[in-house]
Amino acid sequence: MRKYINKNTIVIFVAALCIYGLSLWGIIKPDESYSYSERRGLKAFPKLSVQTLQSGRFMEDFEKYTLDQFPMRDTMRMVKAVGNYYLFGRKDNNGLYLVDGYLSKLEYPLSEKSLEYAAECFTLLYEKYLEGNVNAVYGVIVPDKNYFLAAVNGYPSLDYDRFYSILEDKLDFMDFIDVRDLLSIDDYYRTDTHWRQEKIVDVAEKIADAMGVSLTGEYTKKQLDTPFHGVYYGQAALPIAAETLYYLENDAIKNSTVYDYESGKTGAVYDMEKAAGNDQYETFLSGSRSLLIIDNPTATTDKELIVFRDSFGSSLTPLLIEAYSKITIVDIRYLSPSYLGKFIDFNGQDVLFLYSTLVLNNSDTLKK
Amino acid sequence: MIFSSIPFLYYFLPAVILLYFAVPGKKKNVVLLLASLVFYAWGELRYTLLMLVMITQGYILGRLIDSKRRWSKFFLTTSVVISLGVLGYFKYAGFFLESFAAVTGIAVPVLKVTLPIGISFYTFQVISYVIDVYRGTVAAQKSYIDMAMYISMFPQLIAGPIVRYSDIEGQLRTREHSAQKVAQGIRRFIIGLSKKVLIANQLGELIDAYGSASEPSVLFVWLYAVACTLQIYFDFSGYSDMAIGLGKIFGFDFPENFNYPYISKSITEFWRRWHMSLGTWFRDYVYIPLGGNRVKKWRWFLNILIVWALTGLWHGAAWNFVVWGLYMAFFLILEKLFLLPLLKKSRVLGHVYTMLLVLISFVIFSAANMADAGNVIAKMFGAGGLAAVSGESLYYLRSYAVTFLIAVFGSLPVVRNLFAGLERKMPENRVVNVIYTVGEPLVLAALLILVTGYLVDGSFNPFLYFRF
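About the criteria used
Residues numbered from 1 in each chain as written. Chains lettered and ligands numbered in written order. Predicted model: local features only at pLDDT ≥ 70, side-chain atom pairs only at ≥ 80, totals over all residues. Heavy atoms only, no water. Helix = DSSP H or I, 4+ residues; strand = E, 2+ residues; numbered from the N terminus. Buried < 20%, exposed > 50% of the residue type's maximum accessible area, 1.4 Å probe, protein only. Contact = heavy atoms within 4.5 Å. Polar contact = N/O pair within 3.5 Å; in protein donor to acceptor, adjacent residues only side chain to side chain. Buried area = accessible area lost by both parts, 1.4 Å probe. Salt bridge = Lys/Arg side-chain N within 4 Å of Asp/Glu carboxyl O. Pairing = 2+ DSSP bridges. Core = buried A, V, L, I, M, F, W, Y, C linked by side-chain atoms within 4.5 Å. Phe/Tyr/Trp six-rings, centres within 6.5 Å; stacked < 30°, edge-to-face > 60°. Domains from an automatic or database assignment. Nonpolar A, V, L, I, M, F, W, Y, C, P; charged D, E, K, R; others polar.

### Structural notes on the environment of Arg175(B)
Residues and elements named next belong to chain B.
And then number 1: Counting through the fold element by element, Arg 175 comes out in the loop between α8 (165-173) and α9 (179-211).
And then number 2: Accessibility expressed as a relative area gives 13% for Arg 175, which makes it buried.
And then number 3: Separated by 58 residues in the primary sequence, Arg 175 and Ile 117 have C-alpha atoms spaced 28 Å apart.
And then number 4: Not counting the four nearest positions on each side in its chain, Arg 175 is found in contact with Tyr 20, Lys 28, Asn 29, Leu 32, Met 149, Phe 250, Gly 251 and Phe 252.
And then number 5: Side-chain polar atoms of Arg 175 contact the side chain of Tyr 20, separated by 3.0 Å.

### Quick word on the interface of chain B and chain A
How large an interface is tends to be reported as the accessible area lost when its parts come together.
And then number 1: Of the residues lining the interface, 52 residues belong to chain B; the matching set on chain A comes to 46 residues.
And then number 2: Together, the buried faces of chain B and chain A total about 4700 Å²; carbon and sulfur atoms form 68% of this surface.
And then number 3: The three residues of chain B that bury the most area against chain A are Trp42(B), Tyr395(B) and Val456(B), which together make up 15% of that side's buried surface.
And then number 4: On the surface where chain B and chain A come into contact, there are four salt bridges.
And then number 5: The interface formed by chain B and chain A includes 17 residue pairs in polar contact (both at pLDDT 80 or more).
And then number 6: Mapped by element, the contributors of at least two residues to the side of chain B that touches chain A are α1 (6-22), α2 (28-44), α9, α17 (391-410) and α19 (430-456) of chain B.

### Topic: the sheet that holds strand β10 (residues 265-267) of chain A
The strands that make up a sheet are held in pairs by hydrogen bonds between backbone atoms, and each pair lies either parallel or antiparallel.
Residue and element names in this part refer to chain A.
And then number 1: With respect to topology, eight strands assemble into an open sheet ordered β6-β5-β14-β12-β13-β11-β9-β10, the strand pairing being mixed. Each of the sheet's edge strands pairs with one partner strand only, and the pair in question is β6 (175-176) and β10.
And then number 2: With five bridges connecting them, strand β11 (residues 291-295) and strand β13 (residues 326-330) associate as antiparallel partners. Each bridged residue has a counterpart across the sheet, and for Leu 291 the counterpart in β13 is Val 330.

### Here's the deal with the nonpolar core
And then number 1: Within the largest apolar cluster, 232 residues are counted, with the highest numbers of intra-cluster contacts made by Trp195(A), Ile207(A), Leu320(A), Leu352(A), Phe8(B), Phe154(B) and Phe189(B).
And then number 2: With sequence-adjacent residues up to four places away left out, Leu352(A) is seen in contact with Tyr138(A), Gly139(A), Val140(A), Ile207(A), Met211(A), Leu305(A), Ile306(A), Val307(A), Phe308(A) and Leu320(A).
And then number 3: Residues Phe122(A), Tyr164(A), Met174(A) and Val351(A) belong to the second largest nonpolar core, which totals 37 residues.

### A few points about the packing of aromatic side chains
Residues and elements named next belong to chain B.
And then number 1: Here the structure, examined in full by the defined rule, presents 91 aromatic pairs over all chains.
And then number 2: Measuring from centroid to centroid gives 6.0 Å for Tyr 262 and Trp 274, while their planes differ by 25 degrees, and the two rings are stacked. Residue Tyr 262 is found in the loop between α10 (218-249) and α11 (267-273), and its partner Trp 274 is found in the loop between α11 and α12 (276-287); the two are separated by twelve residues along the sequence. Trp 274 carries the same exposure label as Tyr 262, and that label is buried.

### A few points about the domain arrangement of chain A
Residue and element names in this part refer to chain A.
And then number 1: For chain A, the domain assignment lists domain 1 (2-83) and domain 2 (103-365).
And then number 2: For domain 1 and domain 2, the distance between their C-alpha centroids amounts to 41 Å.
And then number 3: Between domain 1 and domain 2, the contact holds nine residues from the first and eleven residues from the second.
And then number 4: Where domain 1 abuts domain 2, roughly 770 Å² becomes buried across the two surfaces, and 53% of that area is made up of carbon and sulfur atoms.
And then number 5: Broken down residue by residue, the surface that domain 1 buries against domain 2 is led by Arg 39, Arg 77 and Met 78, which jointly contribute 60%.
And then number 6: On inspection of domain 1 and its partner domain 2, the count reaches zero salt bridges.
And then number 7: Here domain 1 is connected to domain 2 by three residue pairs in polar contact (both at pLDDT 80 or more).
And then number 8: Per element, the largest residue contribution to the side of domain 1 that touches domain 2 is four residues, and it comes from helix α4 (residues 73-87).
And then number 9: Its residues assigned to classes, the side of domain 1 that touches domain 2 shows five nonpolar, one polar and three charged.

Here is the structure:
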């Protein structure tokens, strides 16, 4: 009988230690306002009033608050991720999966509706501004990591051939440049969605060739001092080593200036303030900006380029600088094309549409 | 508030336990009552008053039934009419009006009433209480605090088990509190919590994935059906385990609600093992008063049909629940007519037959409406020209294989028997004793931390029986 009492006492002690320990810790510890791993603000203690109580808003917000401010939140998320992968043998955790050290997010099924919408947006742009005004229009579709990882490892995947052919059929005014043959999974970050700039010089050269310009391909490889944790790192909550973010420089890149219409400021191609921020990929052209002008004072040509792009374009465009005197970079996720006429004089430039399959398959963010 | 939430686990529960054990014996019921009202108000502030009205009418009319025997039938009828009237208005009025409009084509105003949480459970408790007082099987409760605490007691308030007054009449006044009982409660609670969060919620994600599948296939439909069947069991039995465990911590012994229903070899046996507190409620307060089986055969079967139509309707105000109940009744009648002896001849056949019917029944149960249910069942058997297998369905099969295996093993008494064997060996085997004594608390702590990780990550966490 004595042994049973001891056993029961241990059960009570351990359970109380866990529950009261975490409970008190949660109450005592100061609230945090931001989660660096998840790249989002954390909930503060909700407003308590008769109105919020009556509407149930206080209760809802309090639950979110307790989740966000739970002690060792990141560790707890890691417990779940590890449990999901290794205890329950789940192939993904919240849609993220890990293969050969690469994190990727399930992206399927192919959304024809989304491709149609993207094609419609690009066609409207073409008809309104480009047709008859610009030199030539090129298109590059950047495959996401799932192209290399999903199907071969048994994960559901987009039908990429069909994906490409749908867009090529609908956007017959573009000359498509297929860069898939130059890419492999090594060309992407392990913990991020994006490709690595230092690995896509051949891609930039192929695009330049197709657009009738040439690149020297000579760059100095530099690296950021701080470790790089990509966007999937925080979402996955798995113990994965940090990466190094490299960037390529040459005289044209170093001497060029970037004018940001949003802030009205002029800066460098690589934004070293962003290098110290939460998302170091934003070092490339300051991340998500709606309209940028790159001026290359050392250019030996007067050719100009307009790039409609998503974030994959941020790291590729600098590699094209040496071949152009001016590059205009537009992100129609943040700027409605109806305003473009106010800022851009469409007159004889080359135009490049560079979008990843991730954005094209979820194109509702594009503005018409 | 739901049990599988951070506010409940790490704020409400520790505070209530601390207060409960800090106050002297007589005040414990007051603490439980206040805690229960806070618990209910947290999820449904505006309907807390409704619950208190129901408790009050049950209390007053119960006392009147007991003290004014000449008028007892009138008081009983009044109480039952109030309870069923409130339940009918909040749960069924909209459904009946819509059905009436659909059948007659007459336009009726649309009634949109939010269903108060736990109304099906607490009205049934009030009804059983006044009937028991009327029958003289229990004495009317004299303490309003004890009565209110019994009806509103948070461990069983929103999803059962349906604790009858007669089950805990004595415990309301005096109950045993011991380390052994608290430890039993903790074990049961953590196991229930794990069943809910680690199994039911995960299967819920698979069910959601089926809903948005891009490559439907026969395999995916079967995965969905099996996931529904296991999810409902782990969700509901997990909740019952938590309720029973919490009851034990506070010194109560609630009735069991599940007894490994998926080992049944007939539908008759299944219903002796599934949601037992509801089954016995309908037996004692509807089936037997209708005459049970001590009537002519046609009337007996009619009684079964009535009870099961009501059982279906209790689960939800929609036709698929009525069909689900009648479906169960149909096979119960067949078994009573001739099937039961045949099923007893082969355990394997009986088990396969039962599980197939249960699987289909839970597809009906889980469907949004009868058209959806029919669609899924037809696809399960090859209709609709679906491919047998798709890459997507194979992916989900691989991804959920371990969860399925754990769920299947967890729904069998294998683990319980294993631990019971270990418990028996404890006093005589020192090694087993040490491993068990140290290992069990560690496993429970690990489960609690794992569950917390799942909750903090904010994953899928609805309760299926929350609004029944």
